[in-house]
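Chain by chain, the residues run as shown.
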Amino acid sequence: MAKIHVLGGMGYDSNIFLVEDDDPILVDTGTRYHLRRNVEDIEEIVPITDIGSIILTHRHYDHTGGAAELAKRSGAEVYVHREDANAVRIGDSVSTGARNFDDDQERVDVTLLDEGQELSTGFYNFMVLHTPGHTVGGISLYDIEHRILLSGDTVFTNGGVGRWDLPTGNYDQLVASIELLSKLDVDGLYPGHMAAVAEGGSDHVKMGLRNLTEFSREELLMSRIQPLLEHSDEILKLIEERKQRVTDVKTKFEIE
Ligand SMILES: [Zn+2]
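An account of the accompanying structure is given in this report.

What about the overall build of the protein chain?
If you tally the helices and strands in the protein chain, you get eight helices and eleven strands. The C-alpha radius of gyration computed for the protein chain amounts to 24 Å, which surpasses the reference 18 Å derived for 256 residues by more than 25%, pointing to a less compact arrangement than a globule. When its C-alpha atoms are laid out on the principal axes, the protein chain stretches across 90 × 40 × 30 Å. Counting contacts in the protein chain only where the partners sit at least 6 residues apart, residues at least 24 apart contribute 61% of the total.

This is the structure:
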């Protein structure tokens, strides 16, 4: 029976999704720090050489660091959206963030993905949606029939959203991408980090959109300032007291 297994996630690793089906695929690979364990977990489900495709949701090292070795062991072709492909292909340790994980980005030969492309594993049929914002070449995979969304680091369960302040990230693009995802009917939501859910995926996506837009940067800042404003009388009193003390000291020592 076809099934989406959630593997990986150890340490800083992204989730690794193994779609067990007629033509099994992997979505994301984690870093390469726990590679042996990840291979063991895969092989408990399918022989690794059965995996024909490895899809990378975006360029970040915590999703792509294991890709070169897993591609070698499986013989699978590696797919990345064209906007993120070069960073993975040339092993760009800066924009993939590998440096932040004390590692180098290993070069991988990649095949380009574009919006609208379809990836069938047999039972599942995923469509590639270009969802930039976290990185410029971020993608999500959507199976319309089974209402399943693999969202990479664009949106997570429980209202979490991807960072937009890393290289090639963009706040407005992230809002537009999550807006798009919020219009889909989603039951199963499989994000790049944190728990996946089998039901109610759309609610999680909408929660993320609300968090991102209603609590935009300015409002987050205001929410921090608000408690200070509420106590403004006390703060003003403290300031007055301090001024008075300075005046007192000046008077005492006859300072101008
Ligand atoms: Zn990421």
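Details of the nonpolar core
Among the nonpolar cores identified, the biggest contains 49 residues, and F17, L26, I54 and V78 are the most heavily contacted of them. With residues near it in sequence (within four places) discarded, L26 still touches I16, F17, L18, I51, I54 and L70.

Considering helix α4 (residues 82-90)
Burial in α4 covers these residues: E83, D84, A85, A87 and V88. Buried-residue contacts for α4 involve α2 (61-64), β5 (77-81) and β6 (111-113). Residue G91 follows α4 closely and has a positive phi angle near 70°.

A short note on the sheet that holds strand β4 (residues 53-55)
The mixed open sheet is built from six strands, whose spatial order is β1-β2-β3-β4-β5-β6. Lying at the two open borders of the sheet, with one neighbouring strand each, are β1 (3-8) and β6. When the angles between neighbouring strand axes are averaged without regard to direction, this sheet yields 25°. Across three bridges, β4 lies against β5 in parallel orientation.

Things to note about the pairing of strand β9 (residues 139-143)
Within β9, five of the five residues are buried, which leaves the element mostly enclosed by the surrounding structure. Burial along β9 is two-sided: the residues I139, L141 and D143 and S140 and Y142 are all buried. Relative to β9, strand β8 (residues 125-130) runs antiparallel, the two sharing four bridges. Bridge assignment links L129 to a residue of β9, and that residue is S140. What sits between β9 and strand β10 (residues 148-152) in their antiparallel hairpin is a turn of four residues, with R147 showing a positive phi close to 50°.

Quick notes on the sheet that holds strand β11 (residues 188-191)
Spatially, five strands are ordered β7-β8-β9-β10-β11 in an open sheet, and the strand pairing comes out mixed. Edge strands, defined here as strands with exactly one partner in the open sheet, are β7 (118-120) and β11. With strand direction ignored, the average angle separating the axes of adjacent strands in the sheet is 20°. Pairing geometry for β10 and β11, over four bridges, is parallel. Paired with G152 across the bridge in β11 is P191.

Section: unusual backbone geometry
Unlike most non-glycine residues, D28 shows phi in positive territory, near 70°. As for its placement among the helices and strands, D28 is situated in the loop between β3 (25-27) and α1 (35-43). A tally of 28 C-beta atoms within 10 Å means that D28 is categorised as buried.

Some thoughts on helix α8 (residues 232-253)
Between its terminal C-alpha atoms α8 stretches 31 Å, which fits the 32 Å expected from 22 residues at 1.5 Å a residue. In terms of residue burial, α8 counts as a barely covered element, since only zero of its 22 residues are buried. Immediately downstream of α8, the backbone of E254 shows phi near 55°, a positive value.

Comments concerning the pairing of β8
The pairing of β7 with β8 spans three bridges and is classified as antiparallel. Counted as the bridge partner of E118 is M127 from β8.

Quick look at the packing of helix α5 (residues 171-182) against helix α6 (residues 201-214)
α6 packs onto α5 with a crossing angle of 150° between their chain directions and a minimal axis gap of 9 Å. The angle between the axes of α5 and α6 places the two elements in the roughly antiparallel class. Regarding α5 and α6, the two cross each other, and that crossing is left-handed. Residues L174, V175, I178, E179, L181 and S182 of α5 pack against V205, K206, G208, L209, L212 and T213 of α6. Here the contact of α5 with α6 is composed, by residue class, of seven nonpolar, three polar and two charged.

Quick notes on the rules
Residues numbered from 1 in each chain as written. Predicted model: local features only at pLDDT ≥ 70, side-chain atom pairs only at ≥ 80, totals over all residues. Helix = DSSP H or I, 4+ residues; strand = E, 2+ residues; numbered from the N terminus. Rg over C-alpha atoms; globule rule 2.2 N^0.38 Å. Contact = placed C-beta atoms within 7 Å. Core = buried A, V, L, I, M, F, W, Y, C linked by C-beta atoms within 7 Å. Buried ≥ 20, exposed ≤ 12 C-beta atoms within 10 Å, placed from the backbone. Pairing = 2+ DSSP bridges. Axes fitted to C-alpha atoms, helices over the stretch in contact; angles between N-to-C directions. Expected span 1.5 Å × (residues − 1). Parallel < 35°, antiparallel > 145°, perpendicular 65-115°, else oblique. Left-handed = near helix turned anticlockwise from the far one by under 90°. Nonpolar A, V, L, I, M, F, W, Y, C, P; charged D, E, K, R; others polar.

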